[in-house]
Amino acid sequence: MEKIYEDIFEAIRAISPNHPILNLKDRSNKGMLQRNLTYEALTMPNHKTFIMPRTGMNIMFYRGERKIYPHCYPSLYRSSDKFEMILNRLRTIDFMLLAKEFPPVYYAEKMGVNVDMLALAQHYELATDMLDLTSDLSVAAFFATAYFDYDSSRYVAMSSGIGRIRSYCFIPDNNFFKNGISDFRLVGLQPYERPGRQCAFGIQLEEGQSFEDVQNGFTISFRHQKQQNQKILDIFGEGQYNTLFPRELIADVAGKVKTSNYVTSTAIQQYCTQYGTEEHQISQMLQDHKITVSEKPLFRLTRKQNEQMRKDFRKNPFGGVEIYHRPMYMPSEPLS
């Protein structure tokens, strides 16, 4: 019979007995827990530079789930509706086309940083074939204990039910370092802030594949206790834009794309090339579902927005965070 721990802190204790977050329970009301993130730039032999959160020498990554689900599928595959899947793929392409035009992506790529456009789509809430993972156990704990209440526009601590923290062990092989090929995605610090603040990693799955099929770690369950869950929530803030979800224009753009009744002809072309489908078939399917095909982008930066983003990134690359370099993997150009 599966053991269910009494609360989130006891679940964390079972995973990491000396984790600082345990002080929130063990030394209640005695000081504050501060989260100071720094990052490390690693340039692989394939010349791709990844900026990883310095959360220790991780081979273990975590995923927080506030409920017990029969199977854990990426958001793209949670519906069996074929059209919905196609539409979500088109929206993801449209988002990536837009995000790539933003100045932070241009500057990051010029610096040699690996910009993971699919991971950006996933982290800004488009439906993709990726599942989120994190190297920070406290972030997994947040997602396991809180939900966003749309009526009050704030995060709320779960008060009942069973939550879970899953783990995934990733040990890279030579093929990963040489060619960067893996279903496991090194996301880390990206041109936009949210993935870095969430110490983001991910895994890409195929249709019909669940996390249980690839998981090579443990699953720990715990009972939701609102008082204890609130302590986790308080680390990050319960407002709509807490520290894990900073205010960013790209988040607003993602929201527009996600709910739009338009897709671009460019997205259709890319989709058809990638999946070997005829453009007229996709266009007809969209027309049947009253989705308009546009020749123009769904969003365009104003000149003022463009200049402001350029100025902000030049002044504080990647949000002005501390980035360290491993000497053996120094990038060809400085990152700040």
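Everything numeric in this text was worked out from a predicted model, so none of it was measured. (Residues numbered from 1 in each chain as written. Predicted model: local features only at pLDDT ≥ 70, side-chain atom pairs only at ≥ 80, totals over all residues. Heavy atoms only, no water.)

1. Digging into the sheet that holds strand β14 (residues 322–325)
Where we set the bar: One bridge is not enough; two strands pair if DSSP finds at least two bridges between them. Runs of E in the DSSP output that reach at least two residues are strands. Runs of H or I that reach at least four are helices, and both are numbered from the N terminus. Note on definitions: angles span 0 to 180 degrees between N-to-C directions of axes, and those axes are lines fitted to C-alpha atoms, for helices only across the stretch in contact.
Across the sheet, 3 strands lie side by side as β3-β2-β14; this open sheet has mixed pairing. Single-partner strands in this sheet number two, and they are β3 (49–53) and β14. Pairs of neighbouring strands in the sheet enclose a mean axial angle of 30 degrees, with direction left out of account. Pairing of strand β2 (residues 38–43) with β3 involves 5 bridges; the strand directions are antiparallel. Looking at the pairing, Tyr39 lines up with Pro53 of β3.

2. A few points about the pattern of salt bridges
Once the charged atoms of two side chains with opposite charge are near each other, the side chains can pair. The following threshold applies: For this document, the term salt bridge refers to a Lys or Arg side-chain nitrogen within 4 Å of an Asp or Glu carboxyl oxygen. Per-residue accessibility, obtained with a 1.4 Å probe over protein chains only, is compared with the maximum for each type, and a residue is labelled buried under 20%, exposed over 50%, and partly exposed between these values.
What the rule picks out here adds up to 14 salt bridges. Glu10 is the partner of Arg13 in a salt bridge, and the nearest nitrogen-oxygen pair spans 3.1 Å. Here Arg13 and its partner Glu10 are both found in helix α1 (residues 8–15), 3 residues apart, which amounts to about one turn of the helix. Under the relative-accessibility criterion, Arg13 is labelled partly exposed at 24%.

3. A word on the environment of Leu126
Looking at the element boundaries, Leu126 is found in the loop between α5 (117–123) and β5 (130–134). The class of Leu126 is buried, set by a relative accessible area of 3%. Sequence separation of Leu126 and Met52 is 74 residues, and the distance between their C-alpha atoms is 23 Å.

4. Quick look at the side chain of Thr43
The condition that has to hold: Think of a polar contact as two N or O atoms within 3.5 Å of one another; within protein, one of them needs to be a possible hydrogen donor and the other a possible acceptor, and neighboring residues in sequence only count if both atoms come from side chains.
Examined against the element boundaries, Thr43 turns out to sit in strand β2. Polar contacts involving the side chain of Thr43 include one to the side chain of Thr49, which spans 2.7 Å.

5. Quick word on the packing of helix α3 (residues 82–100) against helix α11 (residues 249–259)
In a packed pair of helices, the relevant descriptors are the angle between the two axes and the axis-to-axis distance. Heads up, the rule is: Angular relationships are summarised with four words: roughly parallel below 35 degrees, roughly antiparallel beyond 145, roughly perpendicular across 65 to 115, and oblique for the angles in between. Definitions for this section: a left-handed crossing has its near helix turned counterclockwise from the far helix by less than a right angle. A right-handed crossing has that turn clockwise. The contact criterion used is simple: two residues touch if any of their non-hydrogen atoms lie within 4.5 Å. Under the convention adopted here, Pro, Cys and the residues Ala, Val, Leu, Ile, Met, Phe, Trp and Tyr are nonpolar, Asp, Glu, Lys and Arg are charged, and Gly plus all remaining residues are polar.
Taken N-terminus to C-terminus, the directions of α3 and α11 make an angle of 150 degrees; their axes are 9 Å apart at the nearest point. In terms of axis orientation, α3 runs roughly antiparallel to α11. The way α3 lies across α11 gives a crossing that is right-handed. Residue-level inspection shows Arg91, Asp94, Phe95, Leu98 and Ala99 of α3 in contact with α11, the latter providing Ile250, Val253, Ala254, Val257, Lys258 and Thr259. Residue classes in the contact of α3 with α11 are distributed as 7 nonpolar, 1 polar and 3 charged.

6. Quick word on the pairing of strand β4 (residues 60–65)
Here β4 lies mainly inside the structure; 5 of its 6 residues are buried. In the sheet, β4 pairs with strand β8 (residues 162–169) via 6 bridges, with the strands oriented antiparallel. Within β8, the residue paired with Gly64 across the bridge is Ile165.

7. What about the packing of aromatic side chains?
Going by this rule: For this analysis, a ring pair means two rings from Phe, Tyr or Trp (six-membered ring only for Trp) whose centres lie within 6.5 Å, classed as stacked if their planes differ by under 30 degrees, edge-to-face if by over 60, and tilted for the remaining angles. The criterion is that NZ of a Lys, or CZ of an Arg, lies within 6 Å of the ring centre and within 35 degrees of the ring normal, and then a charge sits over that ring.
In the structure shown here, the tally under the stated rule is 22 aromatic pairs. Between the aromatic rings of Tyr106 and Tyr107, the centroid separation amounts to 5.3 Å while the plane-to-plane angle is 70 degrees, which identifies the pairing as edge-to-face. Members of the aromatic cluster, connected to one another through ring pairs, are Phe142, Phe143, Phe148, Tyr150, Tyr155, Phe236 and Phe245. Between Arg54 and the ring centre of Tyr324, over which it is positioned, the NZ or CZ distance is 4.3 Å.

8. Topic: the confidence of the model for the chain
How we decide: Here pLDDT means the predictor's own confidence in every residue, given as a number from 0 to 100.
Considering every residue of the chain, the mean pLDDT works out to 89; 91% of them sit at 70 or more. Summarising per-element confidence for the chain, the mean pLDDT is lowest in helix α7 (residues 174–179) (65) and highest in strand β1 (residues 4–5) (98).

9. Quick word on the environment of Glu101
Checked against the element boundaries, Glu101 lands in the loop between α3 and α4 (103–110). On the basis of relative accessibility, which here comes to 61%, the residue Glu101 falls in the exposed class. For Glu101 and Asn306, which are 205 residues apart along the polypeptide, the C-alpha to C-alpha distance reads 9.6 Å.

10. Here we look at unusual backbone geometry
Although it is not a glycine, Cys199 sits at a positive phi angle of roughly 50 degrees. In this structure, Lys290 is a non-glycine residue whose phi angle is positive, near 60 degrees.

11. Quick look at the packing of α4 against helix α14 (residues 303–315)
One can describe the packing of α4 onto α14 by two numbers: an axis separation of 8 Å at closest approach and a directional angle of 40 degrees. Relative to α14, α4 is oriented oblique. α4 and α14 meet at a crossing whose hand is right-handed. On α14, the residues that touch Pro103, Pro104, Tyr107 and Ala108 of α4 are Asn306, Met309, Arg310, Phe313 and Arg314.

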